Amino acid sequence: MRQGSGILTTRQRRLAWLGFVLAALQAPVSAWLVSDDSWLFSLCVALMVATLIIADDAARRRPAEARSGD
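Nothing here was measured: the structure is a model prediction, and the numbers come from that model.

**Some remarks on the UniProt feature "transmembrane region" (unreviewed entry) in the protein**
As annotated in UniProt, the feature "transmembrane region" (unreviewed entry) corresponds to residues 15–33 and 39–59 in the numbering used here. A helix fraction of 100% and a strand fraction of 0% characterise residues 15–33, whose end C-alpha atoms lie 26 Å from each other. A distance of 31 Å separates the end C-alpha atoms of residues 39–59, which is 100% helix and 0% strand.

Shown next, in the form of structure tokens:
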């Protein structure tokens, strides 16, 4: 049984992880430096990228035969 391919290529997956880490680290730093609530935007972006990475993981773990039958 082969593993299915994900929705992201390997390069896109690496860039998604980099974007997630940068956005997740930028949120608390900007919350500390800026008095308004603009840091919530960074948090939302980090959560959206994390959702994409989780969806890619689920697609990769799914067998290739099961995906072709959908």
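**Some details on the pattern of salt bridges**
Per the stated rule, a full pass over the model turns up 3 salt bridges. Across the pair Asp57 and Arg13 runs a salt bridge whose closest N-O atoms are separated by 2.4 Å. In this pair, Asp57 is assigned in helix H2 (residues 39–61) and Arg13 in helix H1 (residues 10–33), connecting sequence segments 44 residues apart. On the basis of relative accessible area, Arg13 is assigned to the buried category, the value being 19%. A salt bridge links Arg60 to Asp56; the shortest N-O distance between them is 2.8 Å. Here Arg60 pairs with Asp56, and both are found in helix H2, just 4 residues apart, close to one helical turn. By sharing partners, the salt bridges in this structure join Arg13, Asp56, Asp57 and Arg60 into a single network.

How each quantity is defined
- Residues numbered from 1 in each chain as written.
- Predicted model: local features only at pLDDT ≥ 70, side-chain atom pairs only at ≥ 80, totals over all residues.
- Heavy atoms only, no water.
- UniProt positions renumbered as here; feature names shortened; annotations may be inferred.
- Helix = DSSP H or I, 4+ residues; strand = E, 2+ residues; numbered from the N terminus.
- Salt bridge = Lys/Arg side-chain N within 4 Å of Asp/Glu carboxyl O.
- Buried < 20%, exposed > 50% of the residue type's maximum accessible area, 1.4 Å probe, protein only.

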